[in-house]
Amino acid sequence: MKSNLLKLVIAAALTLGAGPVHAKIRIVASTTDLASIAQMIGGDNVQVESICRGSADPHFVQLLPSYMVKVGRADIYLKVGMDLDYWANQIIDGSQNGKLVIADCSQYINALEIPKTKVNASMGDIHLRGNPHYWLDPSNGALIGQVIVETLDRVDPKNSEMYDAGFESFQTQLEAKIVEWHETGGPMEGKDIVTFHNSWPYFAQFFGINVVGFVEPKPGIAPTPSHTAQLVSLIKDRGVKVIGKEVYFSDRTPKSIARQTGATVVDLPTSVDGVKSATDYFTLFDSLIALLTPPLTDSP
Amino acid sequence: MRARLLIVSCLLLLLYPPPAVQAQAMVNPDISLIGDMRYIYRNDVAAALADQNNLAFEFDELELNIVGYLNPYARADATLSIEGTSGPVNIEEGFATLLRGLPVQLKFGKYFLDFGRVNQMHIHQMPWLEYPLENQSFFGPEGAQVVGVQASRLQGIGDNAVRFSVNAFGSDIFGDEEEENSDAEGSGETKIGGSARVSVFREVGETSAIEIGGSYLNAAYDFAQDLTTQVGGVDFTYKWTPGIYHSVKVIAEAMVDDREVETDTLGTVENVTAYGAFAAAQVKFRQVWNVGAFFDWSEDAYVSADEVTSFGGYVMLMPVEETIIFNLVYRYFDSNVVEGQGDTVTLQVLFGLGPHKPHPF
């Protein structure tokens, strides 16, 4: 009887001591795009959440205590970097999480539009380290993934083989999709477009699109009548067919310009979940191509 | 020869070590400046009695804010304000926060006490232009700013974010009238006061959030007579922010102050209980426009029969984010003491230079 009791106690102690067999690594990302890539690489080993909604402007995020709680429970925080998610610092500070590993996903990116002159606020919202919308070039997806896999390997070295395999699989799928996107998005090459904000230099570079103007007179500055009049002339002169508007901006000025020029306003998601069809990093580009190709190429 | 040179080099290094240049010394903190100008038309009995001009152009305040990390675990915040065009210079806040590495976050220095929501705000965050009457009556004209230590913890409980905080502070926090009453002024004497706050924050759907809080404070305000006060408060905040173009904010607070007051020269002490309430709501539309309304009422902390009621509204234009703000405010007030009735119309112009902007509550 005594020995049975002893066995039971030892078994219980061993069971309790062993703890959860496979605790998931908790990741919080500033944006849904980084979260999507992290999920593809980490698979079932990770639990991923994001702060900024896919349909919201990533430049402005309210600092909610619930975000701080979320980050307080996390192992890894993924930042966009390049001063886009400056707000993340305050969320991280408020989280009181001393064990959090912070990864800046922009660290391997070859940044575009790094200012060459001294920057001041009269130029609008200029980012000192270059244009921060780098995830919209799909080939940068691999560089983002590189940061994520390195961070996962550091935080959870026991499962590094799984993460490396996840990254390899992500890269293989991405390479295949890039070939596909070059084909499906090919007709957009050389076409002119006007966009609301300067969110698209990386996307435009990848697909060979010419962004010839912006609805904003300067980055982050609301449209003005004089600038809008200049833009109407430009669109008429160059025969621009599409005004691309990030989903979170008002369509008031773009629609007014469209009425005067005959151009089409297209709502463009800048992030995963920005539109219903953009459910992950791959379908984000599928959606953008599907939205842009017909009006740019006059195809039905 | 090379070995000898190496030994001489090592000796020289020991005798004259290079100055230690650390990364922290190379990184500048964030520096911001906020200006608050007011163009006021006043129409009240007190001004008329004093034969005051009812028009005034005032440079209310220039605020210098410096924030930066001290090291991976701590941050320092300092806010200096210059009142008017020639001072004085006040240290509004100056504190170090141990951010991580401990089960609680610790704050040391001078800071706005987290009693309710409005008391934690800088004056430029209040489109209604001044601290609520209850804060002024119970704490002083600038609300409760304390020199102390705060321990706080944010805890997720279910879908709620619950924040607990406790403060211990030097009791000499109370404004004008109480300082005059205090024999301890200038003597360096102080007593330790304490406060605690619990707030529950919850997201409601994707774009709304509510926060409900309760605060309690116990402190001596007259050291010579050993008179104390207890203040309790509840607060409610609602925010709906579907995007950058529209939002709705509602804030409401109520307080009760139970204070020991000397009622005659013989030292008779009685408890005076006074109440106060404040509420404000603001609607943002077309990204750059805000309209708001507020209601403000408080009894006097020493004579609860004396009370002031105030209400008003404002229209605010923020043409380029929060870099420059034009705020036209109407405020009516009715007091049963010396000021009587009156109203003011104020055009407030705020500018913000640097990363810390004068964003309204």
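Structure: above.
A.B. asks: Describe the overall build of chain B, listing the residues and the values that go with them.
C.D. replies: Looking only at helices and strands, chain B features 5 helices and 16 strands. For chain B, the residues scored as buried account for 42% of the 361 residues in total. Taken as a whole, chain B presents about 17900 Å² of accessible surface, with 61% of it coming from carbon and sulfur.

A.B. asks: Summarise the interface of chain B and chain A; cite the residues concerned and give the values.
C.D. replies: At the interface, 30 residues of chain B touch 28 residues of chain A. Between chain B and chain A, a total of about 2200 Å² is buried, with carbon and sulfur atoms accounting for 50% of that surface. Counting across the interface, chain B meets chain A through 2 salt bridges. Here R75 of chain B ties to D93 of chain A by a salt bridge, and the two come within 3.1 Å at their closest N and O atoms. At the boundary of chain B with chain A, the tally comes to 10 residue pairs in polar contact (both at pLDDT 80 or more). Per-element tally for the side of chain B that touches chain A: the top contributor is strand 6 (residues 145-157) of chain B, with 6 residues.

A.B. asks: Kindly report on the packing of aromatic side chains, identifying the contributing residues and their values.
C.D. replies: What the rule picks out here adds up to 16 aromatic pairs over all chains. Ring centres of Y39 of chain B and F57 of chain B lie 4.9 Å apart, and the angle between their planes is 85°; on these two criteria the pair is classed as edge-to-face. Within this pair, whereas Y39 of chain B is found in strand 1 (residues 30-44), its partner F57 of chain B is found in strand 2 (residues 55-71), the two being separated by 18 residues in sequence. A relative accessible area of 67% places F57 of chain B in the exposed class. Three or more aromatic residues link up through ring pairs in this structure, and these residues are F170, W181, Y281, F282 and F285 of chain A. The ring of F95 of chain B has K107 of chain B sitting right over it, with the charged end atom 4.4 Å from the ring centre. Directly above the aromatic system of Y111 of chain B lies the positively charged group of K107 of chain B, at a separation of 4.9 Å from the ring centroid.

A.B. asks: Please provide a residue-by-residue account of the sheet that holds strand 8 (residues 264-268) of chain A, values included.
C.D. replies: Residues and elements named next belong to chain A. The strand order across the open sheet formed by 4 strands is 6-5-7-8, and the pairing between neighbours is parallel. Looking at which strands have only one partner, the edges of the open sheet turn out to be strand 6 (210-214) and strand 8. Neighbour-to-neighbour, the strand axes of the sheet open up by a mean angle of 35°, direction not taken into account. Here 5 bridges tie strand 7 (residues 242-246) to strand 8, and the two strands are oriented parallel to one another. Paired with I243 across the bridge in strand 8 is V265. Sheet strands touched by helix 8 (residues 225-238): strand 5 (192-195), strand 6 and strand 7. Its angle to strand 6, the strand with the most contacts, is close to 150°. In this fold helix 10 (residues 281-297) packs onto strand 5, strand 7 and strand 8, with an angle of close to 170° to the strand it touches most, strand 8.

A.B. asks: Before we move on, could you go through the packing of helix 3 (residues 65-72) of chain A against helix 4 (residues 88-95) of chain A and cite the residues and values that matter?
C.D. replies: Residues and elements named next belong to chain A. At their nearest, the axes of helix 3 and helix 4 sit 8 Å apart, and the two run at 65° to each other. Judged by the inter-axis angle, helix 3 sits roughly perpendicular to helix 4. Relative to helix 4, helix 3 is oriented so that their crossing is right-handed. Along the contact surface, helix 3 presents Y67, M68, V71 and G72, while helix 4 presents Q90, I91, I92, G94 and S95.

A.B. asks: Residue-level account of the nonpolar core, with values.
C.D. replies: Formed by 57 residues in total, the largest nonpolar core has its most connected members in I27, L78, Y134, I148, L152, W181 and F203 of chain A. Here this core takes 8 residues from helix 10 of chain A, the largest share from any one element. Excluding anything up to four places from it in sequence, L78 of chain A contacts I27, V28, A29, S30, L34, A38, A103, C105 and I148 of chain A. F169, I173, L217 and Y221 of chain B belong to the second largest nonpolar core, which has 22 residues in total.

A.B. asks: Account for the side chain of S32 of chain B, naming residues and giving values.
C.D. replies: All names here are of chain B. Its location among the elements puts S32 in strand 1. S32 gets classed as buried once you look at its relative accessible area, which sits at 2%. A distance of 2.9 Å separates a polar side-chain atom of S32 from the backbone nitrogen of H356. Discounting residues that sit within four places of it in the chain, S32 has contacts with E63, L64, N65, L353, G354, P355 and H356.

A.B. asks: Got a sec to walk through the side chain of K177 of chain A? Specific residues and values, please.
C.D. replies: All names here are of chain A. Among the secondary structure elements, K177 is positioned in helix 6 (residues 160-184). Of the polar contacts made by the side chain of K177, one reaches the side chain of D286; its length is 3.2 Å. Those residues in contact with K177 that sit more than four places away from it in its chain are F282 and D286.

Rules used in this analysis
Residues numbered from 1 in each chain as written. Chains lettered and ligands numbered in written order. Predicted model: local features only at pLDDT ≥ 70, side-chain atom pairs only at ≥ 80, totals over all residues. Heavy atoms only, no water. Helix = DSSP H or I, 4+ residues; strand = E, 2+ residues; numbered from the N terminus. Buried < 20%, exposed > 50% of the residue type's maximum accessible area, 1.4 Å probe, protein only. Areas by Shrake-Rupley, 256 points an atom, 1.4 Å probe, with all protein chains shown as cover. Contact = heavy atoms within 4.5 Å. Buried area = accessible area lost by both parts, 1.4 Å probe. Salt bridge = Lys/Arg side-chain N within 4 Å of Asp/Glu carboxyl O. Polar contact = N/O pair within 3.5 Å; in protein donor to acceptor, adjacent residues only side chain to side chain. Phe/Tyr/Trp six-rings, centres within 6.5 Å; stacked < 30°, edge-to-face > 60°. Lys NZ or Arg CZ within 6 Å of the ring centre and 35° of its normal. Pairing = 2+ DSSP bridges. Axes fitted to C-alpha atoms, helices over the stretch in contact; angles between N-to-C directions. Parallel < 35°, antiparallel > 145°, perpendicular 65-115°, else oblique. Left-handed = near helix turned anticlockwise from the far one by under 90°. Core = buried A, V, L, I, M, F, W, Y, C linked by side-chain atoms within 4.5 Å.

So, to be careful, I would describe these as geometric facts and stop short of saying anything about function.
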